[in-house]
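# Descriptive analysis of the structure
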Amino acid sequence: MREEIKAQLGKLVGLKFQYAGRASNLFWLGFGDIVQIIRRGRTEETAEYALHIQCSWRIILGNKIVVASRDFYSPNSQWDGKNDNFDWDIQGNNRFDERIKIFTENNGQMKVLHIDSDEVGGFSITLTRGYKLEVFPDSSEDDEQSEHWRFFNRKDNSPHFVVTGRGLEKD
């Protein structure tokens, strides 16, 4: 699995990091050139390569975690604690939303320098400026719902490279 992951994600080496965000607790990142695609009958501009992560991950700089997967579930720094009904899934409410915005705004023009992977579906992406994205599947589940992450090219619409509890899949 290690070599297959490195071969797939190796396509990112030298490419620009474009953006990052979330849909609920799915972390998405875009890399490469901005391309136009037709989606649901409309033309959209998007990064050529997409990475969707649904397992544990973190972005580090040296010995500091800049933003990580559990930040989805913590309030942002503006929360005063008076409202007991904190809703992490509202855009802008959580620590992830706050930190990823700062990270992307302050680090334009970063590029992918290196990819590494392991035997259980984990990997790291080393970026310029000393940042590193580390992804590590953290569940032993191996059913059809056990997707850890997927990587795909939006421009050529090729099959997705998917890592699940069952191993590698093409989707």
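The sections below set out a description of the structure shown in this document. (Residues numbered from 1 in each chain as written. Predicted model: local features only at pLDDT ≥ 70, side-chain atom pairs only at ≥ 80, totals over all residues. Heavy atoms only, no water.)

## Regarding the overall build of the protein chain
Regarding its fold elements, the protein chain presents two helices and 11 strands. For the protein chain, the N- to C-terminal ordering of α and β elements is α-β-β-β-β-β-α-β-β-β-β-β-β. If one aligns the C-alpha atoms of the protein chain with their principal axes, the spans along those axes are about 50 × 40 × 35 Å. For the protein chain, buried positions account for 42% of its 171 residues. Taking as baseline every contact in the protein chain between residues at least 6 positions apart, the subset at least 24 positions apart corresponds to 51%. About 9800 Å² of surface is accessible on the protein chain, with carbon and sulfur atoms providing 44% of the total. Between the mean site of the 23 positive side-chain charges and the mean site of the 27 negative ones, the protein chain shows a separation of 6 Å. (Helix = DSSP H or I, 4+ residues; strand = E, 2+ residues; numbered from the N terminus. Buried < 20%, exposed > 50% of the residue type's maximum accessible area, 1.4 Å probe, protein only. Contact = heavy atoms within 4.5 Å. Areas by Shrake-Rupley, 256 points an atom, 1.4 Å probe, with all protein chains shown as cover. Lys, Arg positive; Asp, Glu negative; His and termini not counted. Charge placed at Lys NZ, Arg CZ, Asp CG, Glu CD.)

## Quick look at the side chain of Ser 69
Residue placement: Ser 69 occurs in the loop between β5 (64–68) and α2 (95–106). A relative accessible area of 12% places Ser 69 in the buried class. With residues near it in sequence (within four places) discarded, Ser 69 still touches Cys 55, Ser 56 and Trp 57.

## Topic: the pattern of salt bridges
Summed over the entire model, instances satisfying the criterion amount to seven salt bridges. For Arg 22, the salt bridge goes to Asp 89, with nearest N and O atoms at 3.2 Å. Here Arg 22, found in strand β1 (residues 17–23), pairs with Asp 89, found in the loop between β5 and α2; they are 67 residues apart in sequence, far enough to count as distant. A single network of salt bridges, built from pairs that share partners, joins Arg 22, Asp 89 and Asp 97. (Salt bridge = Lys/Arg side-chain N within 4 Å of Asp/Glu carboxyl O.)

## Some words on helix α1 (residues 2–9)
The α-helix winds at 3.6 residues per turn, so residues separated by three or four positions along the chain end up facing the same way. Inspection of α1 places Ile 5, Gln 8 and Leu 9 among the buried residues, and these make up the whole buried set. Projection of α1 onto a plane perpendicular to its axis shows the buried side chains occupying an angular sector of 85°, all on one side. Exposed and facing more than 90 degrees away from the buried side of α1 are Glu 3 and Ala 7. The elements touched by buried residues of α1 are β3 (42–53), β6 (112–117), β7 (123–127), β9 (147–153), β10 (161–164) and β11 (167–170). (Arc of directions from axis to C-beta.)

## Notes on the sheet that holds strand β4 (residues 56–61)
With respect to topology, five strands assemble into an open sheet ordered β5-β4-β8-β7-β6, the strand pairing being antiparallel. The open sheet terminates on both sides in strands that have one partner only, identified here as β5 and β6. Going from strand to strand, the sheet's axes swing by 20° on average, the running direction of each strand aside. Of the pairings in the sheet, the one linking β4 to β5 comprises four bridges and is antiparallel in character. Opposite Leu 61, over in β5, you have Lys 64 as the bridge partner. Running at roughly 160° to β6, α1 makes contact with β6 and β7 of the sheet. Relative to β5, α2 is tilted by about 115°, and along the sheet it contacts β4, β5 and β8 (131–136). (Pairing = 2+ DSSP bridges. Axes fitted to C-alpha atoms, helices over the stretch in contact; angles between N-to-C directions.)

## Comments concerning the sheet that holds β11
Spatial strand order, β1-β2-β3-β9-β10-β11: six strands in an open sheet with antiparallel pairing. Edge positions in the sheet fall to β1 and β11, since each of these pairs with one other strand and no more. Each strand of the sheet is rotated relative to its neighbour by a mean of 35°, with strand direction disregarded. Looking at chain direction, β3 and β9 are connected through five bridges and run antiparallel. For Ala 50, the partnering residue across the bridge sits in β9 and is Phe 152. Set on the sheet, α2 makes contact with β1 and β2 (26–39); between it and β1 the angle comes to about 170°.

No statement about biological role is implied by the geometric values presented.
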